[in-house]
Amino acid sequence: MAKILVTGGSGFIGTNLVEYFCSRNHEIINFDIKEPKNKQFSKNWVKGDILNKDQLLKCFTDFNPDYVIHLAARTDLNENKSIAGYAANTDGVQNMIDIINSFPNIKRTIYASSRMVCRIDYIPKDFNDYCAPNLYGESKVIGEKR
């Protein structure tokens with residue numbers, strides 16, 4: 001059995017991922033600011049915010065995961081004033097990187113991004129070519145570049 005930490009495990013993708021891994025008898029922690037949609041998995045939930053590095057570090061220290069799947073993000077498109085409104089997608093990713101790099105026993109990490117790193121009609125020339133159409137997309141580009 002693997003020990004898997006999922007950040008953002010209360011969102012749509014995370015909910016399904018937590019359910020899948022639990023059905024395979026893996027040990028799962030869902031680190032999220034929101035309660036799980038499926039109350040059956042409340043026992044797997046640790047309330048926390050990836051912007052709070054102390055909370056995040058405590059979760060990693062207490063659980064000591066083998067694998068990490070990072071899904072936590074602010075995903076709405078409502079912010080139109082400042083990239084700072086999407087701090088979870090920038091500073092939160094940096095917190096994840098800093099903590100994961102301090103746990104040498106972690107075998108693999110998956111970071112989720114968004115197709116919004118490019119506008120819909122744009123075809124990137126390579127993996128480092130972005131064309132974000134809004135602040136949300138820009139915040140995900142920053143996260144990818146970390």
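Structure report, in brief.

Further remarks concern the sheet that holds strand β5 (residues 108-111). Pairing within the open sheet is parallel, and its five strands lie in the order β3-β2-β1-β4-β5. Each edge of the sheet is formed by a strand with only one pairing partner; in this case those strands are β3 (45-47) and β5. With direction set aside, neighbouring strand axes in the sheet form an average angle of 15°. Taken together, the four bridges between strand β4 (residues 67-70) and β5 define a ladder with parallel strand orientation. Residue His 70 lies in a different strand from β5, and its bridge partner there is Tyr 111.

The geometry of helix α2 (residues 53-63) relative to helix α3 (residues 87-101) is characterised by a closest axis approach of 10 Å and an angle of 35° between their N-to-C directions. When the axes of α2 and α3 are compared, the crossing they make is right-handed. Residue-level inspection shows Lys 53, Leu 56, Leu 57 and Phe 60 of α2 in contact with α3, the latter providing Asn 95, Met 96, Asp 98, Ile 99 and Ile 100. Taken together, the residues that form the contact of α2 with α3 break down as six nonpolar, one polar and two charged.

With that settled, consider unusual backbone geometry. With the exception of glycine, the majority of residues adopt a negative phi angle, and the majority of peptide bonds are in the trans configuration. If you check the backbone angles, Asn 25 has positive phi at about 65° while not being a glycine. Its place among the elements puts Asn 25 in the loop between α1 (12-23) and β2 (27-32). Given the relative accessible area of 52%, Asn 25 is considered exposed.

Turning our eyes to something else, we now look at the nonpolar core. Soluble, globular proteins show a tendency: their nonpolar side chains are buried together. With 16 residues, the main nonpolar core has Leu 5, Ile 50, Leu 56, Phe 60, Val 68 and Met 96 as its most contacted residues. If you list the elements that add at least two residues to this core, you get β2, α2 and α3. What Met 96 contacts, discounting residues up to four positions off in sequence, is Thr 7, Ile 50, Leu 56, Phe 60, Val 68, His 70 and Tyr 111. Val 6, Val 18, Ile 28 and Ile 69 belong to the second-largest nonpolar core, a separate cluster that totals nine residues.

Reading guide: rules and limits
Residues numbered from 1 in each chain as written. Predicted model: local features only at pLDDT ≥ 70, side-chain atom pairs only at ≥ 80, totals over all residues. Heavy atoms only, no water. Pairing = 2+ DSSP bridges. Helix = DSSP H or I, 4+ residues; strand = E, 2+ residues; numbered from the N terminus. Axes fitted to C-alpha atoms, helices over the stretch in contact; angles between N-to-C directions. Left-handed = near helix turned anticlockwise from the far one by under 90°. Contact = heavy atoms within 4.5 Å. Nonpolar A, V, L, I, M, F, W, Y, C, P; charged D, E, K, R; others polar. Buried < 20%, exposed > 50% of the residue type's maximum accessible area, 1.4 Å probe, protein only. Core = buried A, V, L, I, M, F, W, Y, C linked by side-chain atoms within 4.5 Å.

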